[in-house]
Amino acid sequence: MASLRTADSRLRSYFKENYIPQVCEALLCGLLITCPEDPLKYLQKMIITIMESGLESLLWDMCIDPSMKPKIRRLSETYMEQLFGLDDQLMLKHELQLRKWRSKVKVAAKEEPIPPEHSLSKASLLGGIPECDISLLPERAVSQIFYYLTLRELVICGQVCHSWMLMTQASSLWNSIDFSKVKNIITDKYIVSTLQRWRLNVLRLNFRGCLLRSKTLRSVSLCRNLQELNVSDCPTLTDESMRYISEGCAGVLYLNLSNTTITNRTMRLLPRYFPNLQNLSLAYCRKFTDKGLRYLNLGNGCHKLIYLDLSGCTQISVQGFRNIANSCTGIMHLTINDMPTLTDNCVKALAEKCTRITSIVFIGAPHISDCAFKALSTCNLRKIRFEGNKRITDACFKYIHKNYPNINHIYMVDCKRITDGSLMSLSPLKQLTVLNLANCIRIGDVGLKQFLDGPVSTRIRELNLSNCIHLSDASIVKLSERCSNLNYLSLRNCEYLTDLGIEHIVYIFSLVSVDLSGTNISNEGLMSLSRHKKLKELSLSECYKITDVGIQVPRLTLLGKVFFSVPPPAQLLSPKRDETKAFCKGSLILEHLDVSYCPQLSDEIIKALAIYCIYLTSLSIAGCPKITDSAMEMLSAKCHYLHILDISGCVLLTDQMLEDLQMGCKQLRILKMQYCRLISKEAARRMSSMVQQQEYNPNDPPLWFGYDYEGKPLTKQEITPLKEDEEITVTDSIYSGEEEVV
């Protein structure tokens, strides 16, 4: 049904004045509940009834027999208006209510001014978030707030008070239920009762990794309106469980069965009970065979399937791919990762009949060669994603240029045989926006120049040339001249890149993210980057020529994400505090910061960040042994929006830091504390209840951190090289941070 949002104003007025949405709603509700034998006569009779009663007295259940009227309140008073696109007035009403609520908050803030002498006290720092009454918000806004909560959080909110309990019982909040986040604490009894209560409302279910009884899985069949089901990594899922689910949930569009023990019996059920299935994941399911794939063509078949994931299904032969091609001719997106048995013949068998394929992802398929792209010439590919392939050559890119003029995404990482000739073949592509050739070490300045001389340069948005070690300043100069719309650029470990090239990055005005890790950038280059006013993400890890003078740039503004990993010389260990504050004061919108593995970093920068960059959501100070509790105390008091924090290797931090985090950073979700020997196991266990994911290890930092358990630098003789076959494992204690739900 077309929307009237963009229709002529006269037509919109006509619909509103004549109550057309309300009439349609009443008639549809009557048909759904009554189900008359002759619907046309029924509609004629009801229209006459509506005309006699008058449009002003029209109700949604007017066309339903009184004995059949449902004893539930309607889900939305404006459902049909939304369907027709005529809900402008409703949105306006909610906007006015929201403005009224905001004005109340402002008035309350003015009535209680904070004395100047207490403006920097600990109490004022912790009280940075104003309190408000959520019940004053419009119903739609409240539902949206609760929508972002997990199942555990929703249950907890329902126990606060009676009004909150009513708000958490809104049917729209139970359209999507994710049991995977509470899989270690939730009981089968609670799952069954929840599905029974909300069986008519549930549209999406996620059981990923849940260890459930067969009876619990059968209860999924109660959800007749289910559209998305994820039972991946469920060790107890069997063919019998899938039979019960399939018989009750015929409307499923998305089905994820990855890493389960399903066999050909389940494959036989798919075309019979899921005729509308569009997305199917069988990744790492190794119990079905080629015969099971042939079942997909039984009955109505899975002809509506558009996405298929067969990653890790090494048991599939060429005949199996022929069976897929016969059954699922409408496939558009194909993902086959970790498939060492995948050959060109398998791709040919698919391409013969699946001509609508637009996206392929073959990561970990080393036997695919240029012949596969020749076989796919009948398809209209728009996205190609390969990684770690040594058989693909420049000839592959010639096929791409010739057969896929509309391709917009090319991801060819770690393909060693790709040379400058490949870039020259791609230059005429007018739709290409994303190009990732990381670790293609044979690419140099000549190839990039030829690539940028074509029309593709004006369209490219993302360019990743990490570890293309032959690139130099000449490439950066060309990028600044041709790529006017480039947003993301990665030149990690391009060793020939110097300050001269860095200076030209400033002239790529559209750039928001740049990775210069492992280059020869110095303080002068960093000073040049400080003039780029739109830069949000900057990576400078392992740039050993950067010092505190360059890091504490006074005029660097609008910085969104920074990575530093440089030990400054001894004579610069005491930077001017004014410079530090100036840097942070110009970065008021700083959200993501990574200063990991910078052993010379002190508390001064962290404190300056806490004062000025209060909107930080992600911070990593891993490998910074000089950070102490005093800096983290101030950070916790001011940065209330912190979601991710990595303090691994901060050997001076103690339990006091965790207490400060619990008090100030209530939105913290991910906390990493590897090699923090002064943090006790008991404190880490208490902290686990506050976050969703936590990593903790009280061991001493490994030698490659470059310092000992006291934060003292190690000598070169003490840092012994690791053997090639030695694997670094983290035997840490990981606490889930989950509590009992029921």
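Model, not experiment: these values are computed from the prediction. (Residues numbered from 1 in each chain as written. Predicted model: local features only at pLDDT ≥ 70, side-chain atom pairs only at ≥ 80, totals over all residues. Heavy atoms only, no water.)

S.K.: Explain the overall build of the protein chain to me, please; I cannot follow it from the model alone.
M.R.: If you tally the helices and strands in the protein chain, you get 29 helices and 21 strands. By residue count, 47% of the 742 residues in the protein chain fall in the buried class. When contacts within the protein chain are restricted to residue pairs at least 6 apart in sequence, long-range pairs at least 24 apart make up 73% of them. Accessible surface computed for the protein chain: about 36800 Å², of which carbon and sulfur atoms make up 53%. (Helix = DSSP H or I, 4+ residues; strand = E, 2+ residues; numbered from the N terminus. Buried < 20%, exposed > 50% of the residue type's maximum accessible area, 1.4 Å probe, protein only. Contact = heavy atoms within 4.5 Å. Areas by Shrake-Rupley, 256 points an atom, 1.4 Å probe, with all protein chains shown as cover.)

S.K.: Just to check I follow, could you spell out helix H28 (residues 655-664) for this structure?
M.R.: An α-helix turns once per 3.6 residues; consequently, residues spaced three or four apart project the same way. Among the residues of H28, Met657, Leu658, Asp660, Leu661 and Gly664 are the ones counted as buried. Around the axis of H28, the buried residues are gathered within 160 degrees of arc, so they sit on the same side. (Arc of directions from axis to C-beta.)

S.K.: So what exactly am I meant to see when it comes to helix H3 (residues 39-53) here?
M.R.: Between its first and last C-alpha, H3 extends 21 Å over 15 residues, near the 21 Å set by a 1.5 Å rise per residue. Buried residues along H3 sit against helix H2 (20-34). Of the residues flanking the end of H3, it is Gly54, one or two places downstream, whose phi is positive at about 95 degrees. (Expected span 1.5 Å × (residues − 1).)

S.K.: Sorry if this is basic, but what is going on with the packing of helix H12 (residues 239-248) against helix H13 (residues 264-273) here?
M.R.: Helix packing for two helices is described by the angle between their axes and how far apart those axes are. The interhelical angle for the contact between H12 and H13, taken along N-to-C directions, is 5 degrees, at an axis separation of 9 Å. Looking at the two axes, H12 sits roughly parallel to H13. Contacts between H12 and H13 pair Asp239, Glu240, Met242, Arg243, Ser246 and Glu247 from the former with Arg265, Thr266, Leu269 and Tyr273 from the latter. A breakdown of the residues in the contact of H12 with H13 according to their chemical character gives 3 nonpolar, 2 polar and 5 charged. (Axes fitted to C-alpha atoms, helices over the stretch in contact; angles between N-to-C directions. Parallel < 35°, antiparallel > 145°, perpendicular 65-115°, else oblique. Nonpolar A, V, L, I, M, F, W, Y, C, P; charged D, E, K, R; others polar.)

S.K.: Could you clarify how one ought to interpret the side chain of Thr433 in this entry?
M.R.: Structurally, Thr433 is set in the loop between helix H19 (420-426) and strand E11 (434-436). Relative accessible area serves as the criterion here: at 19%, Thr433 is assigned to the buried category. Setting aside residues up to four positions removed in sequence, Thr433 forms contacts with Asn408, Arg459, Ile460, Arg461 and Glu462.

S.K.: What is the right way to read the pairing of strand E21 (residues 693-697) from this model?
M.R.: Regular strands have side chains that alternate between both faces of the sheet. Pairing geometry for strand E20 (residues 670-674) and E21, over 5 bridges, is parallel. Among the inter-strand pairings, Ile670 is bridged to a residue of E21, identified as Gln693. Each parallel crossover has a hand, and the one from E20 via helix H29 (residues 681-688) to E21 is right-handed. (Pairing = 2+ DSSP bridges. Right-handed = clockwise from strand over helix to strand, strands pointing away.)

S.K.: Which parts of the structure should I look at to understand the nonpolar core?
M.R.: Within soluble globular proteins, side chains that are nonpolar generally end up buried alongside one another. Counting 135 residues, the largest nonpolar core has Leu205, Phe207, Phe321, Ile400 and Met412 as its most contacted members. With 5 residues, helix H16 (residues 344-351) is the single largest residue contributor to this core. Other than its neighbours up to four places away in sequence, Leu205 contacts Ile177, Phe179, Leu195, Val220, Cys223, Leu226, Glu228, Leu229 and Asn230. Within the second largest apolar cluster, 38 residues are counted, among which are Leu601, Ile605, Leu616 and Cys650. (Core = buried A, V, L, I, M, F, W, Y, C linked by side-chain atoms within 4.5 Å.)

S.K.: What am I meant to see in the packing of aromatic side chains here?
M.R.: What characterises a pair of aromatic rings is the spacing of the ring centres plus the angle enclosed by the ring planes. In total, this model carries 12 aromatic pairs according to the counting rule given. For the pair Phe179 and Phe207, a centre-to-centre distance of 5.1 Å together with 10 degrees between the ring planes defines the contact as stacked. Here the residue Phe179 occupies a position in the loop between strand E1 (176-178) and helix H10 (188-197), and Phe207 occupies one in the loop between strand E2 (204-206) and helix H11 (214-218), the gap between them amounting to 28 residues. For the pair formed by Phe179 and Phe207, the shared burial category is buried. (Phe/Tyr/Trp six-rings, centres within 6.5 Å; stacked < 30°, edge-to-face > 60°.)

S.K.: How should I be thinking about the pairing of strand E10 (residues 409-413) in this particular structure?
M.R.: With 5 of 5 residues buried, E10 is to be regarded as a mostly interior element. Relative to E10, strand E9 (residues 383-387) is paired through 5 bridges, and the arrangement is parallel. For Phe386, the partnering residue across the bridge sits in E10 and is Met412. Viewed along the sheet, the connection from E9 through helix H18 (residues 394-403) into E10 turns out right-handed. Two elements, E10 and E11, share 3 bridges in a ladder whose sense is parallel. Bridge pairing in E11 links Ile410 to Leu435.

S.K.: Could you clarify how one ought to interpret the packing of H2 against H3 in this entry?
M.R.: Taken N-terminus to C-terminus, the directions of H2 and H3 make an angle of 135 degrees; their axes are 11 Å apart at the nearest point. Judged by the inter-axis angle, H2 sits oblique to H3. Pair H2 / H3 crosses with right-handed handedness. Between H2 and H3, the contacting residues are Val23, Leu27, Gly30, Leu31 and Thr34 on the first element and Pro39, Tyr42, Leu43, Met46, Ile47 and Ile50 on the second. When its residues are assigned to classes, the contact of H2 with H3 shows 9 nonpolar, 2 polar and no charged. (Left-handed = near helix turned anticlockwise from the far one by under 90°.)

S.K.: Explanation requested: the environment of Thr34 in the structure shown.
M.R.: In this fold, Thr34 is placed in helix H2. Placed 31 residues apart in sequence, Thr34 and Asp65 show a C-alpha to C-alpha distance of 7.4 Å. In contact with Thr34, other than residues within four places in its own chain, are Tyr42, Cys63, Ile64 and Met68.

S.K.: Help me understand the pattern of salt bridges in this model?
M.R.: Two side chains that carry opposite charge are able to pair once their charged atoms sit near each other. With the rule as written, the count across this model stands at 14 salt bridges. Where Glu247 meets Arg243, a salt bridge forms, and the shortest distance between an N and an O atom there is 3.1 Å. Of the two residues, Glu247 and Arg243 are both situated in helix H12; the distance of 4 residues between them amounts to about one turn of the helix. What makes Glu247 partly exposed here is its relative accessible area of 39%. With a relative accessible area of 27%, Arg243 lands in the partly exposed category. Among the salt bridges present, the one from Arg492 reaches Asp515, with a minimum N-O distance of 3.0 Å. Within this pair, whereas Arg492 is found in the loop between strand E13 (488-490) and helix H22 (499-505), its partner Asp515 is found in strand E14 (residues 513-515), the two being separated by 23 residues in sequence. (Salt bridge = Lys/Arg side-chain N within 4 Å of Asp/Glu carboxyl O.)

S.K.: How do you make sense of the environment of Asn323 when you look at a structure like this?
M.R.: Looking at the element boundaries, Asn323 is found in helix H15 (residues 318-327). Under the relative-accessibility criterion, Asn323 is labelled buried at 7%. Between the C-alpha atoms of Asn323 and Leu296, which are 27 residues apart in sequence, the distance is 8.0 Å. Residue contacts for Asn323: discarding those within four places in its chain leaves Asp290, Leu293 and Arg294. A distance of 2.9 Å separates a polar side-chain atom of Asn323 from the backbone oxygen of Asp290. (Polar contact = N/O pair within 3.5 Å; in protein donor to acceptor, adjacent residues only side chain to side chain.)

S.K.: I would appreciate a short explanation of a nonpolar patch on the surface in the present structure.
M.R.: Together, Leu32, Ile33 and Met68 make up an exposed nonpolar region whose accessible area comes to about 280 Å². With respect to the helices and strands, the residue Met68 is situated in the loop between H3 and helix H4 (79-84). (Patch = residues over 30% accessible without salt bridge, like charges linked within 9 Å, V, L, I, M, F, W, Y side chains within 5 Å.)

S.K.: What is the right way to look at unusual backbone geometry in this model?
M.R.: Positive phi, normally seen in glycine, also occurs at Asn259, with a value near 60 degrees. Locating Asn259 in the fold gives a position in the loop between strand E4 (254-256) and H13. Of note, Asn467 is a non-glycine position whose phi angle comes to about 65 degrees, a positive value. Inspection of the secondary structure puts Asn467 in the loop between strand E12 (462-464) and helix H21 (473-482).

S.K.: Hey, could you run me through the confidence of the model for the protein chain in this one?
M.R.: Residues with a pLDDT of 70 or more make up 81% of the protein chain, whose mean pLDDT is 81. Counting interchain partners and residues more than four positions distant, the pLDDT-below-50 stretch residues 108-129 has 15 contacts. Note on residues 722-742: pLDDT under 50 across the span, and 47 contacts to partners over four residues away in sequence or across chains. (pLDDT = per-residue confidence, 0-100.)

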